[in-house]
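Structural characterization, general
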Amino acid sequence: MMQDRLRVILTSMILVISPSAIADRISTPMQTWFLQSACEPKETRYAKGFCEGAIEAYYNLMPNWCVPDDVTHGEVKRYVMTKIQQAPKSPSIRVPAEEFIWKIISKKYPCK
C-alpha cells in the first residue's frame, strides 16, 4: 500500500516537473539566419521537417494568437516559410527566429 502511494507521488512529480523543465527557454535562441538555411526550397526533407517543426514550435509559444479560425496551421507555416526565404540572408543579422516568426504572423494577422 505504501509502495503504491510512493509510486503515484513519484509519477505525479515526474509528470509535473518534466514539462516545466523542458519549457525553459535556452540561453542562446536560434537565429533567423540559421533557420533560413533549413527552410531553403532545395534542402532535404529532413531540413524541411526541421524548418516546419521550428516554425510550429515558435508560433505555439506566441502569447497572442489572432489568426482567424478559417486559416489552417499549414497555411500559416507556408506563409512564414515564404517570408523566411525572402528575408536577407546574413549571419550578421542577429534576430532570434522566435521574434522574427512572431512579427511575421502578428503583421499578417494583427489582434483587433
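Let me sum up the structure you'll find in this document. (Residues numbered from 1 in each chain as written. Predicted model: local features only at pLDDT ≥ 70, side-chain atom pairs only at ≥ 80, totals over all residues. Heavy atoms only, no water.)

Should the charged atoms of two oppositely charged side chains come close, the side chains can pair. Applying the stated criterion across every chain yields a total of three salt bridges. Residue glutamate 56 is joined to lysine 77 by a salt bridge in which the shortest nitrogen-to-oxygen separation is 3.0 Å. Residue glutamate 56 is located in helix 3 (residues 45-60), and its partner lysine 77 is located in helix 4 (residues 73-86); the two are separated by 21 residues in the primary sequence. Owing to a relative accessible area of 32%, glutamate 56 belongs among the partly exposed residues under this scheme. (Salt bridge = Lys/Arg side-chain N within 4 Å of Asp/Glu carboxyl O. Helix = DSSP H or I, 4+ residues; strand = E, 2+ residues; numbered from the N terminus. Buried < 20%, exposed > 50% of the residue type's maximum accessible area, 1.4 Å probe, protein only.)

What sets the pattern is the α-helix's 3.6 residues per turn: residues three or four places apart point alike. In this model, helix 5 (residues 97-108) (12 residues) spans 17 Å end to end at C-alpha, consistent with the 16 Å of a helix rising 1.5 Å per residue. Along helix 5, the positions that sit buried rather than exposed are Ala97, Glu98, Ile101, Trp102, Ile104 and Ile105. The buried side chains of helix 5 occupy one side of the element, clustering within an arc of 160° when seen end-on. Away from the buried face of helix 5 by more than 90 degrees, exposed residues Lys103 and Lys107 are located. Structurally, helix 5 contributes buried residues whose contacts are with helix 2 (32-38), helix 3 and helix 4. (Expected span 1.5 Å × (residues − 1). Arc of directions from axis to C-beta. Contact = heavy atoms within 4.5 Å.)

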